[in-house]
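# Examining the three-dimensional arrangement
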Amino acid sequence: SSSRQEPTGLSASSSKLNGHVPNGTSEQTQIIDDDKKFTPDLAAQIERWGFRNAGFNYNIVAVFGSQSTGKSTLLNRLFGTTFDVMDETKRQQTTKGIWMCRGEGMGVMVMDVEGTDGRERGEDQDFERKSALFSLASSEVMIINLWEHQIGLYQGANLGLLKTVLEVNLGLFGKRVQGGPQSRTLLLFVIRDHTHVTPLSNLQNTLTADLTRIWDSLLKPPALEHTQLSDYFDLSFTTLPHKILEAQRFEDEVALLRERFTMKGREDYLFKDVYHKRIPADGVALYMEHIWEQVQTNKDLDLPTQQELLAQFRCDEISTTALTEFNQQAKSQKRTIEAGRVIEGLGGLMRDWRDQALARYDRDASRYHQGVYSRKRLDMHATIASTLSPLFLGQLKNLHKACLSAFKSALHAALDHDGYNFAEVVDKARSNYETKFQEGAKEACIEEKEWSWEDDMGLLREEMANVADICRKDETKKMVNLIERNFKKQISEPVDVALNKAAPDMWDRVLGAFKQSLDNAKSSYLNKAKTFNCTEDENAIALWSLYQRAWLALRAKIDEQAADNAILGKLRSHFEERFRYDDQGVPRVWQPDDDIDGEFRKAKEQTLALVPLYSKISPVDLSLEYTPPPPPPNTTGSSALEEDFDFPSSLIIFSESKCLDITARFRRDADAYYVEAKRSTVSSIAQ
Ligand code: GDP
Ligand code: MG
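In what follows, the accompanying structure is described. Only a predicted model underlies this, so the values are computations on that prediction, with no experimental measurement involved. Starting afresh in each chain, residues are numbered from 1 along the sequence in its written order. The order in which chains are written sets their letters, starting at A; the order in which ligands are written sets their numbers, starting at 1. Two thresholds apply to this predicted model, a pLDDT of at least 70 for residue-level local features and 80 or more for giving and counting side-chain atom pairs, whereas whole-chain, interface and lining totals are computed over all residues. The side-chain numbers reported here are obtained from all heavy atoms of the structure, hydrogens and water having been left aside.

### Describing the overall build of the protein chain
For clarity, the threshold we go by: To qualify as a helix, a DSSP run of H or I must reach at least 4 residues; to qualify as a strand, a run of E must reach at least 2; elements of each kind are numbered from the N terminus. A 1.4 Å probe rolled over the protein chains alone gives each residue an accessible area, and that area as a share of the maximum for its type sets the label: buried under 20%, exposed over 50%, partly exposed in between. Residues are treated as being in contact if the distance between any of their heavy atoms lies within 4.5 Å. Each accessible area is a Shrake-Rupley result for a 1.4 Å probe, and residues are judged covered by the shown protein chains and nothing else.
Counting its regular elements, the protein chain contains 21 helices and seven strands. In the protein chain, which comprises 687 residues, the proportion classed as buried is 48%. Considering only residue pairs separated by 6 or more positions, the protein chain has 78% of its internal contacts joining residues 24 or more positions apart. For the protein chain, the exposed surface amounts to about 34,400 Å²; the carbon and sulfur share of it is 50%.

This is the structure in structure tokens:
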């Protein structure tokens, strides 16, 4: 029994039938009714019979023969089917049409073709032809059932029937197409009511001769002129004794014949692979329906085309089904992507969805016409890719965003620490997030040929560079500000000291301190700038700006010292030192004889001589004269530079009218001292 053919999943599926169908899997279905209509239920029935996932693992057999020759009786015995048998007592003819049953405990679909005995009635010849076409298009084995006494009678139904079979077969399978349906069919002649008078071999010879003659007489298209009967058919012959007269022998021989349908290992096994029409079980119903439609409308039945049509239809259906789950899976992650989040392992997910969908498709569709199957697979793959593409692009976008913002944070975090090397910080963060992006993008890119992420990576690189650039400029500015602050601190005291005490070389000391501090500032800028990857141009501009700002800072410092009150104070104390103190620094007590006027004039003139000294920055030692460096090239529009900064005029501390004003105000102060000195002598005289 191990050699019995059992389609996979047969028993599992048939258990679903309980309660539905009274006779379980043996229920018969009229697939073509009296009105020659094809049943809409065949697909469901085939599924109920458990053939849904059988693939090619099933067989189809059909019976042909005159009416009431015991066909249905034979099928029921051979396959355990339940076809109607004519009631002997009523001699009532069974319903015409084509019936189908599943073989009991066998992966076989059995077709009982009724009413093929219409030789007298013209209309039935039409049905005979159509049902022959229909059966040959799908059956592996066609049982030709006939009485022994019909053999050799060159008239009557049987010959016409044989002629029909051969003719329609030629039409169906005449065109041999690579990859088309297999064209070979087994004709199994079952000779009924065999009397043993004539041995089987004689009957066999007669039938073979008849068939060959019919074949030769057929009108064949030129391309098929030399084809032999044996190119299309294998012939097999067997006899059965009279069912009633030799009841037991009849049963025994039927049982033996049954074994030839069930025992795959036997040499005379009838369902040879070569007869299989290679219609996947899940497409049989649709295929038969199409065939019948073509037959009914008297269209040319071209099986290769039919198989291709079937494949298109079924592959579409299978693809749609396989895509349903896929679409749900893809949809499940859409929200997350649209919300701007990066999905960890998206590529793995998408690859699974895709591969599972394709595997579902392959499982069922790969049995169909290879060209169609492959073409639809490409279509399906394209559909899948275009469904997944927005997820991929969204993931890239989100990755890009995430990496850029992480890059920014990393920069700022690193810059909050002292002693960072800007260029190093940037390099590290950039390579870190470049790698992150690349890894994420590669993982998500499951259609390597169609999709790419390199451009996005380039864009990210550019944006990171921009961010780093802005950051660098900010940091450079901060650094320059710091240097400027230090510079101001450094010059503050020397300038105060130098300007407080007027001396001919006071500007030498101021400029000396200035140059010293400027050198410090310059070298601390250059030291720091090295870690910023600043360009030569940027350094030139920054230094130029630093020089300007240093000069302006110096000027501001000088202006503090040259403010009206400050300068007048300086003049006053200079004057006082000379007028109110003697050469030894001892305060003078004026005596009437003293030359107050002379001393006064001398002190005043000496003091007034300071005004021009203060009024212009000009060192004694000309080598200390400061000349600002020329503006660097390529600096147009740079905000670091003050366009209308006029260095020469910045050397002037007091204008001429300012000098006059200061002189006048000082004179008034000096006059007051003079008056005070005069008064003191008057009062000393008065004492
Ligand atoms: P079908 O019309 O070809 O399907 O024939 P049926 O199976 O309905 O049988 C027609 C009649 O022939 C019935 O009365 C059967 O009992 C009878 N019958 C069935 N098998 C045999 C057989 O081997 N020999 C004879 N003589 N009668 C049979
Ligand atoms: Mg019958």
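### Remarks on the pairing of strand E6 (residues 185-192)
One face of the sheet, then the other: side chains in a regular strand alternate in exactly this way. Defined as follows: A pair of strands is considered paired only if DSSP assigns at least 2 bridges between the two. Handedness rule for crossovers: strands pointing away from the viewer, path from the first strand over the helix to the second running clockwise, crossover right-handed.
For E6, the buried fraction is high: eight of the eight residues fall into the buried class. Because side chains alternate across E6, one face comprises the buried residues Thr-185, Leu-187, Phe-189 and Ile-191, and the other comprises Leu-186, Leu-188, Val-190 and Arg-192, equally buried. Relative to E6, strand E5 (residues 141-147) is paired through seven bridges, and the arrangement is parallel. Bridge assignment links Asn-145 to a residue of E6, and that residue is Val-190. In this sheet, strand E7 (residues 233-239) lies alongside E6 in parallel orientation, the contact comprising seven bridges. Paired with Leu-186 across the bridge in E7 is Asp-234. Note on the crossover from E6 through helix H6 (residues 200-217) to E7: the handedness is right-handed.

### Some thoughts on unusual backbone geometry
For Lys-36, which is not a glycine, the phi torsion comes out positive at approximately 60 degrees. Within the secondary structure layout, Lys-36 lies in the loop between strand E1 (29-32) and helix H2 (42-48). At Asp-193, a position not held by glycine, the phi torsion is positive, near 55 degrees. Mapped onto the elements, Asp-193 comes out in the loop between E6 and H6.

### Considerations on the sheet that holds strand E2 (residues 59-65)
Selection rule: To get an axis, a line is fitted to the C-alpha atoms, and for a helix only the part in contact is used. The angle between two axes follows their N-to-C directions and goes from 0 to 180 degrees.
Sheet architecture is open: seven strands sit in the order E1-E3-E4-E2-E5-E6-E7, paired in mixed fashion. Bordering the open sheet on either side are E1 and E7, each of which pairs with just one other strand. Adjacent strand axes in the sheet meet at a mean angle of 25 degrees when their direction is disregarded. Direction of pairing for strand E3 (residues 97-102) relative to strand E4 (residues 108-114): antiparallel, over a ladder of six bridges. Note on E4: the bridge partner recorded for Trp-99 is Asp-112. Here helix H3 (residues 71-79) sits on the sheet and contacts E2, E4, E5 and E6; the angle it forms with E4, its principal contact strand, is near 170 degrees. With respect to the sheet, helix H7 (residues 247-262) is in contact with E2, E5, E6 and E7, its orientation differing from that of E6 by roughly 175 degrees.

### Overview of the side chain of Thr-164
Of note, Thr-164 is situated in helix H5 (residues 157-173). Its relative accessible area of 10% is what places Thr-164 among the buried residues.

### Observations regarding H7
Note the following rule: Each residue after the first adds 1.5 Å to the expected span of a helix.
Spanning 16 residues, H7 covers 23 Å between terminal C-alpha atoms, matching the ideal 22 Å at 1.5 Å per step. Along H7, the residues classified as buried are Phe-250, Val-254, Leu-257, Arg-258, Arg-260, Phe-261 and Thr-262. Taken together, the buried residues of H7 touch E2, H3, E5, E6 and E7.

### Concerning the pattern of salt bridges
For the record, the criterion: One speaks of a salt bridge when a side-chain nitrogen belonging to Lys or Arg is within 4 Å of a carboxyl oxygen belonging to Asp or Glu.
Under the criterion given, the structure shown has 39 salt bridges. Linking Arg-52 and Glu-47 is a salt bridge whose minimum nitrogen-to-oxygen distance equals 2.9 Å. Residue classification places Arg-52 among the partly exposed residues on the basis of a relative accessible area of 46%. The partner of Glu-434 in a salt bridge is Arg-461, and the shortest N-O contact between them spans 3.2 Å. You can see Glu-434 sitting in helix H13 (residues 422-444) and its partner Arg-461 sitting in helix H14 (residues 454-500), a full 27 residues away along the chain.

### Description of the packing of aromatic side chains
As a reminder of what qualifies: Side-chain rings of Phe, Tyr and Trp (the six-membered ring for Trp) are treated as a pair once their centres are within 6.5 Å; stacked means planes under 30 degrees apart, edge-to-face means over 60, and tilted covers the remaining angles.
Inspection of the entire model under this criterion finds 24 aromatic pairs. Relative to Phe-600, the ring of Phe-579 lies with its centre 5.7 Å away and its plane at 70 degrees, an arrangement referred to as edge-to-face. Here Phe-579, found in helix H17 (residues 564-579), pairs with Phe-600, found in helix H18 (residues 596-608); they are 21 residues apart in sequence, far enough to count as distant. Taking relative accessible area as the criterion, Phe-579 reaches 0% and is therefore assigned buried. What makes Phe-600 buried here is its relative accessible area of 9%. Ring geometry for Phe-600 and Tyr-674: centres 4.7 Å apart, planes at 45 degrees, overall tilted. Taken together, the residues span a long stretch of sequence, with Phe-600 in helix H18 and Tyr-674 in helix H21 (residues 656-686) at a distance of 74 residues. In this structure an aromatic cluster arises from ring pairing among Phe-575, Phe-579, Trp-590, Phe-600, Phe-666, Tyr-673 and Tyr-674.

Everything listed is a geometric property; what it means functionally is a separate question.
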